[in-house]
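# Results of the structural survey
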Amino acid sequence: VQLQACGGGLVQPGGSLRLSCAASGRFFSSYAMSWFRQAPGKEREFVAGISRSAGSTLDADSVKGRFTISRDNAEKTAFLQMNSLRPEDTAVYYCAAVLSPYTGVYRTANDYDYWGQGTLVTVSS
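Residues numbered from 1 in each chain as written. Predicted model: local features only at pLDDT ≥ 70, side-chain atom pairs only at ≥ 80, totals over all residues. Heavy atoms only, no water.

### A few points about the nonpolar core
Here is the rule we go by: Grouping buried Ala, Val, Leu, Ile, Met, Phe, Trp, Tyr and Cys residues that are joined through side-chain atoms within 4.5 Å yields what is termed a nonpolar core. Exposure is judged per residue with a 1.4 Å probe applied to protein chains only, and the accessible area is read against the type maximum: over 50% gives exposed, under 20% gives buried, and values in between give partly exposed. Put simply, DSSP marks the helices as runs of H or I at least four residues long and the strands as runs of E at least two long, and each gets a number from the N terminus on. Throughout, a contact is declared for two residues whenever any of their heavy atoms are within 4.5 Å.
Counting residues in hydrophobic clusters, the biggest one holds 36 residues, and the most contacted among them are Met33, Trp35, Val47, Phe67, Leu80, Met82 and Tyr93. Going through the elements one at a time, strand E1 (2-6), strand E3 (17-24), strand E4 (31-38), strand E5 (45-50), strand E7 (67-72), strand E8 (77-82), strand E9 (91-99) and strand E11 (119-123) are the ones with two or more residues in this core. Among the elements that line this core, the one with the most residues is E9, at six residues. Ignoring any residue separated from it by four or fewer positions in sequence, one finds Phe67 in contact with Arg37, Val47, Asp59, Leu80, Gln81, Met82, Asn83, Leu85, Asp89 and Tyr93.

### With respect to the sheet that holds E1
Put simply, the rule is: For two strands to be treated as a pair, DSSP must find no fewer than two bridges joining them. As a rule, the C-alpha atoms of each element are fitted with a line to give its axis, helices using only the stretch in contact, and angles between N-to-C directions run from 0 to 180 degrees.
With respect to topology, four strands assemble into an open sheet ordered E1-E3-E8-E7, the strand pairing being antiparallel. The open sheet terminates on both sides in strands that have one partner only, identified here as E1 and E7. Taking each pair of neighbouring strands and ignoring which way they run, the sheet shows an average axis angle of 15°. As defined by bridge partners, E1 adjoins E3 across five bridges and the pair is classed as antiparallel. Bridging from a neighbouring strand, Leu3 pairs with Ala23 of E3.

Worth remembering: the numbers are spatial, not functional.
Next up, the structure:
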């Protein structure tokens, strides 16, 4: 599967953005998906994940209540709705996919086999 992330940009603190991750290939509904981010000088970190059927989601503590991950299997797209953005959310955001026989969520980068190219989110006034 190939992943194409988009939707990043410059937003003021308190603002919102919606990231999209479009997948090509077959059997998108068999892949667990997640969003990771990497800020300058920092390691890549888990943001949010969703199971292949969207029955389960998991958010990092730093984004709980502000970010929502979702997916549309018919459109082969995953989303990350980001509200109440803060300067510390500034990072390159990556979507990731792993072919999963299970219905759970994976939160470790090493679990994922496929990565999008990243989209930059900058939160600044």
